[in-house]
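Chain and residue survey
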Amino acid sequence: MRLFRDVLLLFMALSLVQLTPQSGWQLRSLASTPAWAQSATTENPNLAGYSAASSKTEREWEQKLSEGIVADNLRQNMQRLSARPHHVGSPYDKDNAEWILAKFKQWGFDAHIETFSVLFPTPKERVVELVEPTKFKAKLQEPPLAVDPTSNQTSEQLPTYNAYSIDGEVTAPLVYVNYGNREDYEQLDRMGISVQGAIVIARYGEGWRGIKPKVGAEHGAIGCIIYSDPKDDGFFQGDTYPTGGWRPREGVQRGSVMDTDYPGDPLTPGVGATADAKRLDLKEAKTITKIPVLPISWGDAEPLLSALQGPVVPESWRGGLPITYHVGPGPARVHLKVASNWDLKPVNDVIATLKGSDAPDEWVIRGNHYDAWVNGADDPISGMVTVLEEGRMLGELHKQGWSPKRTIILCAWDGEEPGLLGSTEWVEEHGDELKKHAVAYLNSDSNGRGFFYAGGTHDLQHFINDIGREIQDPEKHISVQQRAKLRQIQHAKEDERAEIRKEGDVRIGALGDGSDFTAFQDHVGISSLNLGYGGENDADSYHSIYDDFYWYTHFVDTDFSYGRALAQTGGTAVMRLADADVIPYEYKGQAETIGRYVKELEKLLKDKQEEITETNLELKEGVFTATSDPRKMYVPPPAKEVPPFMNFAPLKNGVEALKQSADRYEAAFAKWQATGNALPPQTAAELNQDLMQISRTFLTDQGLPERPWFKNQVYAPGAYTGYGAKPMAAVREYMDQEKWKDAEAQVPMVGEVLQNVAGAIGKAADQLEKATRK
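Here the residue numbers are simple positions, counted from 1 along each chain's written sequence. Local features in a predicted model are, by the rule used here, given only for residues with pLDDT of at least 70; side-chain atom pairs are given and counted only at 80 or more, and totals for whole chains, interfaces and linings are based on all residues. Side-chain measures here rest on the full set of heavy atoms in the structure, leaving out hydrogens and waters.

Notes on the overall build of the protein
Within the protein, the regular secondary structure consists of 23 helices and 16 strands. What you see for the protein is a C-alpha radius of gyration of 26 Å, in line with the 28 Å of a compact globule of 774 residues. In terms of principal-axis extent, the alpha carbons of the protein reach across some 85 × 70 × 65 Å. A simple rule labels every residue: compare its accessible area, found with a 1.4 Å probe on the protein chains alone, to the largest value its type can have, and call it buried under 20%, exposed over 50%, or partly exposed in between. A total of 774 residues make up the protein; the buried ones form 61% of that total. Methods summary: accessible areas were calculated by the Shrake-Rupley approach with a probe of 1.4 Å, and residue burial reflects only the protein chains presented. Counting only carbon and sulfur atoms, one obtains 50% of the accessible surface of the protein, whose full area is about 29200 Å². Strands here mean DSSP runs of E at least two residues long; helices mean DSSP runs of H or I at least four residues long; both are numbered from the N terminus. The reference for a compact globule is 2.2 Å times residues^0.38; the radius of gyration itself is calculated from the C-alpha atoms.

This is the structure in structure tokens:
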């Protein structure tokens with residue numbers, strides 16, 4: 001998780017605070033704050049999607065839930081769940097599943113474990129050694145620390161490795177490739193450096209780890225090493241563990257390097273990995289890497305990098321080690337070996353259901369995973385314990401007489417770390433049911449301290465802002481939505497800042513891949529959110545043995561106050577969705593967001609045309625000159641064809657149709673809300689069924705070009721961004737690859753999807769307009 005700066009210094013500039021001699025920083029009265037900073041209760045006494053009577057009742061129950069969340073329960077549950085390593089297939093992973101199941105049943109849920117059988121490789125041989133010009137063998141091990149009581153559980157810990165690396169043994173020259181992204185290889189090309197037949201060494205960060213061996217292999221590398229540089233998550237950031245919270249010299253980041261064609265079990269793409277599922281042969285699995293890859297610590301990396309010569313790296317490539325960073329190749333040669341046990345292992349999803357009283361066939365789904373690479377106090381137990389506490393309080397309210405109108409399903413996913421295994425297989429197995437019944441999926445993963453963040457589909461943007469306006473930040477004593485808005489304004493581009501300041505809601509980011517929302521949003525088209533707090537963690541032990549209870553309680557959310565805030569946020573959101581008379585989707589913000597995506601495509605094309613035109617002109621005029629200095633090697637870029645005109649009219653027409661339908665629906669919704677009355681039950685039921693299907697109209701049967709598992713034509717990850725979203729990927733991916741004709745060929749299809757979405761919203765507007773005329 002990337003760190004964000006404190007936004008308190010922003011308050012005076014934004015006129016949200018005033019500095020007084022008596023009391024220092026003070027929040028101004030609501031009367032002088034912008035509209036976005038005011039509580040929803042001051043704007044409209046009725047909750048979005050509720051009548052006057054149901055709003056009052058809902059607020060009372062939600063207040064009971066928030067007041068009932070107990071931070072010490074989070075602490076105790078974390079200590080229990082993270083007490084031992086619990087990776088996929090381990091004894092304690094299964095023990096945790098049984099314990100979570102028992103808790104849900106104790107709280108009154110109808111709960112069961114659903115098991116899938118998935119491919120999960122574990123290492124049996126790992127070697128990284130320098131063979132020239134000197135000898136060095138990497139330790140590939142994190143040492144236990146006397147102060148940390150669970151770091152010594154060596155026999156139960158997974159070794160340091162990257163899951164789904166192909167087996168292989170290679171010896172070759174070493175080349176340093178910075179973060180190993182496509183842009184870094186473009187820089188290497190300009191420097192005249194080839195990785196053909198080499199082993200590349202890349203530092204973690206600036207992109208998902210699986211992209212590093214993928215891009216290396218595409219450029220001819222035969223092996224990949226990934227290391228944690230202290231500039232990114234070590235002593236450059238702060239004191240290292242155990243003095244501080246940052247990754248120590250021998251700390252290693254484990255993780256999956258599964259390719260981006262599809263998540264889930266590599267052997268059963270598109271279908272649930274049940275015992276009798278038809279499976280691919282291992283050699284047919286497209287998500288296994290093409291070259292062997294291993295992660296190492298900076299302590300193991302330093303001798304390798306010190307042995308490199310060749311050009312000195314650009315300034316932006318330099319890490320925090322006390323060496324001069326060279327690219328290579330030579331004289332360093334490295335021997336790399338990876339061999340794994342390629343076994344099928346069980347993943348055990350815990351599914352807990354609280355049946356709805358009025359609309360039991362409409363499902364509100366909340367989830368977090370519980371498996372970890374090692375002890376995983378932060379990732380994922382800090383998130384899992386909030387779902388458990390939400391479940392406890394929902395069960396308690398149920399005993400007091402509250403029943404959700406819609407069915408609530410709480411999910412504890414197994415197998416997220418290797419590749420979203422548990423959630424993906426469950427969604428693939430139940431896809432048809434989910435398309436018919438799911439209202440929304442609310443995800444969390446790890447949780448820290450600091451700012452509230454949310455990403456997701458933008459039909460839930462206004463909804464989650466409303467929730468955030470009613471949750472108080474435990475340290476700043478303003479709403480978490482206010483604090484998030486301030487941060488967004490501070491980090492906005494200069495030309496967007498004024499526009500963002502005027503908007504009522506915090507803009508939420510799009511989701512791509514990387515956690516258990518993926519299959520819900522990208523494969524079956526369910527409105528989704530990913531929730532959490534963070535940005536002020538002065539620590540990072542991601543995917544190491546040091547991510548444990550001792551480390552978390554000393555350096556992250558030490559009093560669990562932000563864990564309590566997440567449980568309040570998630571629990572309130574679940575209740576609000578489950579009890580609404582009309583599901584509180586909002587489409588105006590979604591239409592505006594999709595409009596910005598189209599403008600970004602237009603800008604990308606224009607910028608590329610100008611960039612290539614300028615470069616070609618400079619080449620013609622002889623501006624670029626090559627040099628033979630081995631420390632400053634540079635090769636002029638080749639001339640390129642200027643991108644042609646692209647017809648974006650189908651996309652722009654689709655956006656215009658979306659905006660018109662969204663405006664109609666918003667007007668009809670506001671007119672109904674103003675009455676304060678409930679809709680007739682049959683009208684509400686029919687409207688909600690149609691509303692649930694709107695998000696499915698973003699899907700196409702054929703999916704994305706070259707990645708058909710991803711069905712959503714607006715929300716998807718990029719093939720080279722991993723976790724990161726690439727909106728309108730069918731068009732954008734080809735543009736990024738400078739395949740302009742292929743990109744333009746996708747425009748009509750995506751435009752048609754937008755027209756279909758507009759039509760579905762228009763149908764809902766028709767229903768609501770008709771209901772309010774009666």
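On we go from here.
Some remarks on the pairing of strand β7 (residues 199–203)
The side chains of a regular strand alternate between both faces of the sheet. Within β7, five of the five residues are buried, which leaves it mostly tucked inside the rest of the structure. On β7, burial covers both faces: I199, I201 and R203 on one face and V200 and A202 on the other are all buried.

Overview of empty space enclosed by the protein
For each structure, a 1 Å grid was placed over the protein atoms alone; sets of points admitting a 1.4 Å probe that cannot get out are labelled cavities, open sets with protein on both sides within 12 Å along at least five of seven lines are labelled pockets, and lining residues have an atom within 4 Å of a point. Grid points are joined across faces, edges and corners, and a volume is the space filled by probe spheres set on the points. Summed over all chains, the structure comprises four cavities of 30 Å³ or more. Estimated volume of the largest cavity: approximately 50 Å³. Along its surface, the largest cavity is lined by A372, W373, V374, N375, G376, D379, E417, H543, S544 and D547. The residue makeup of the lining of the largest cavity, split by class, is three nonpolar, four polar and three charged. Ten residue types, Ala, Val, Leu, Ile, Met, Phe, Trp, Tyr, Cys and Pro, are classed as nonpolar, four, Asp, Glu, Lys and Arg, as charged, and the remainder, Gly among them, as polar.

Considering the layout of surface pockets
Within this model, the second largest pocket holds a volume of roughly 1100 Å³. Around the second largest pocket, the lining comprises 37 residues; the ones closest to its centre are R182, E183, E186, K608 and D736. Of all elements in the fold, only α5 (182–191), α6 (211–218), α19 (588–621) and α22 (729–736) reach the threshold of two or more residues within the lining of the second largest pocket. Taken together, the residues that form the lining of the second largest pocket break down as 14 nonpolar, eight polar and 15 charged.

Focus on the packing of aromatic side chains
A pair of aromatic rings is counted whenever rings of Phe, Tyr or Trp (Trp by its six-membered ring) have centres within 6.5 Å, and the orientation is called stacked for planes under 30 degrees apart, edge-to-face for over 60 and tilted otherwise. One pass over the full model with this rule turns up 23 aromatic pairs. For the ring pair Y161 and W373, a centre distance of 5.9 Å and an interplane angle of 90 degrees mean the geometry is edge-to-face. Pair noted here: Y161 is in the loop between β4 (136–137) and β5 (162–163) and W373 is in the loop between β12 (359–369) and α9 (377–399), with a separation of 212 residues, a long-range link. In this structure, Y161 and W373 share a single accessibility class: buried. A centroid spacing of 6.0 Å and a plane angle of 45 degrees characterise the contact between W208 and Y723, whose relative ring orientation is tilted.

Focus on the packing of helix α2 (residues 52–68) against α9
All axes are obtained by fitting lines to C-alpha atoms, using only the stretch in contact for helices, and the reported angles, taken between N-to-C directions, cover 0 to 180 degrees. Axis separation between α2 and α9 bottoms out at 10 Å; the angle between their running directions is 135 degrees. Relative to α9, α2 is oriented oblique. As for how α2 packs across α9, the hand of that crossing is right-handed. Facing W61, K64, L65 and G68 of α2, the residues of α9 in contact are E389, R392, M393, L394 and L397. The residue inventory of the contact of α2 with α9, partitioned by class, reads five nonpolar, one polar and three charged. Roughly parallel means an angle under 35 degrees; roughly antiparallel means over 145; roughly perpendicular covers 65 to 115; every other angle is labelled oblique. Whether a crossing is left-handed or right-handed is set by the direction in which the near helix is turned from the far one by less than a right angle, anticlockwise for left-handed and clockwise for right-handed. Contacts are assigned to residue pairs that have any heavy atoms within 4.5 Å of one another.

Some thoughts on the environment of K588
Examined against the element boundaries, K588 turns out to sit in helix α19. K588 gets classed as partly exposed once you look at its relative accessible area, which sits at 31%. Linking K588 and D459, residues 129 residues apart in sequence, is a C-alpha distance of 8.1 Å. K588 has contacts with A662, D663 and E666, leaving out every residue within four places of it along the chain.

Structural notes on helix α8 (residues 298–306)
Counting buried positions along α8 gives seven out of nine residues, so the element sits mostly inside the fold. Looking at α8, one finds that the buried residues are W298, G299, D300, A301, E302, L304 and L305.

Considering the confidence of the model for the protein
Confidence of the prediction at every residue is given by pLDDT, a number between 0 and 100. Confidence in the prediction for the protein averages 92 pLDDT; 93% of positions are at 70 or higher. A low-confidence stretch, residues 1–33 (pLDDT under 50), is modelled with 69 contacts involving residues beyond four sequence positions or located in other chains. Across residues 35–42, where pLDDT falls below 50, the model places 25 contacts with residues more than four positions away in sequence or in other chains.

Overview of unusual backbone geometry
The omega angle of the peptide bond from E132 to P133 is 0 degrees, so this bond is cis rather than trans. Along the chain, P133 turns up in the loop between β3 (110–132) and β4. The amide bond that connects G330 to the next residue, P331, takes the cis arrangement and shows omega of -5 degrees. You can see P331 is positioned in the loop between α8 and β11 (333–354). Positive phi is not limited to glycine here, since L140 has a value of about 55 degrees. Tracing the backbone shows L140 in the loop between β4 and β5. Of note in the backbone geometry, E206 takes a positive phi value of approximately 55 degrees without being a glycine.

A short note on helix α11 (residues 421–429)
Extensive coverage of α11 is indicated by the burial of eight of its nine residues. Looking at α11, one finds that the buried residues are L421, G422, S423, T424, E425, W426, V427 and E428.

Some details on the environment of P91
When you line up the elements, P91 lands in helix α4 (residues 91–106). In this structure, the C-alpha to C-alpha distance between P91 and T243, residues 152 residues apart in sequence, is 32 Å.

Here we look at the side chain of D459
Tracing the chain through its elements places D459 in the loop between β15 (450–456) and α13 (461–469). Although D459 lies buried, it forms no salt bridge, and the closest oppositely charged side chain, R696, sits 7.5 Å away as judged by the N-O distance. Counting of polar contacts relies on pairs of N or O atoms within 3.5 Å, with two restrictions inside protein: one atom must be capable of donating a hydrogen and the other of accepting it, and residues adjacent in sequence are counted only when both atoms are side-chain atoms. At 2.7 Å, the side chain of D459 and the side chain of T457 are in polar contact. Among the polar contacts listed, one links the side chain of D459 to the side chain of S527, at a separation of 2.5 Å. What D459 contacts, discounting residues up to four positions off in sequence, is S527, P584, Y585, E586, Y587, Q590 and S695. The charge count includes Lys and Arg as positive and Asp and Glu as negative, but it does not include His or the ends of the chains. By definition, a salt bridge exists where a carboxyl oxygen of Asp or Glu is found within 4 Å of a side-chain nitrogen of Lys or Arg.

Description of the pattern of salt bridges
The full count for this structure, using the stated rule, is 44 salt bridges. Residue R406 is joined to E362 by a salt bridge in which the shortest nitrogen-to-oxygen separation is 2.6 Å. Of this pair, R406 sits in strand β13 (residues 406–413) while E362 sits in strand β12, and the two are 44 residues apart along the sequence. In terms of burial, R406 and E362 fall into one category: buried. With its nearest N and O atoms 3.8 Å apart, the salt bridge here joins R449 to E536. Of this pair, R449 sits in the loop between β14 (438–444) and β15 while E536 sits in the loop between β16 (528–535) and α17 (549–555); the two residues are 87 residues apart in sequence, bridging distant segments of the chain. The exposure class of E536 is buried, given its relative accessible area of 15%. Residues participating in the shared-partner salt-bridge network are R449, D473, E475, R483 and E536.

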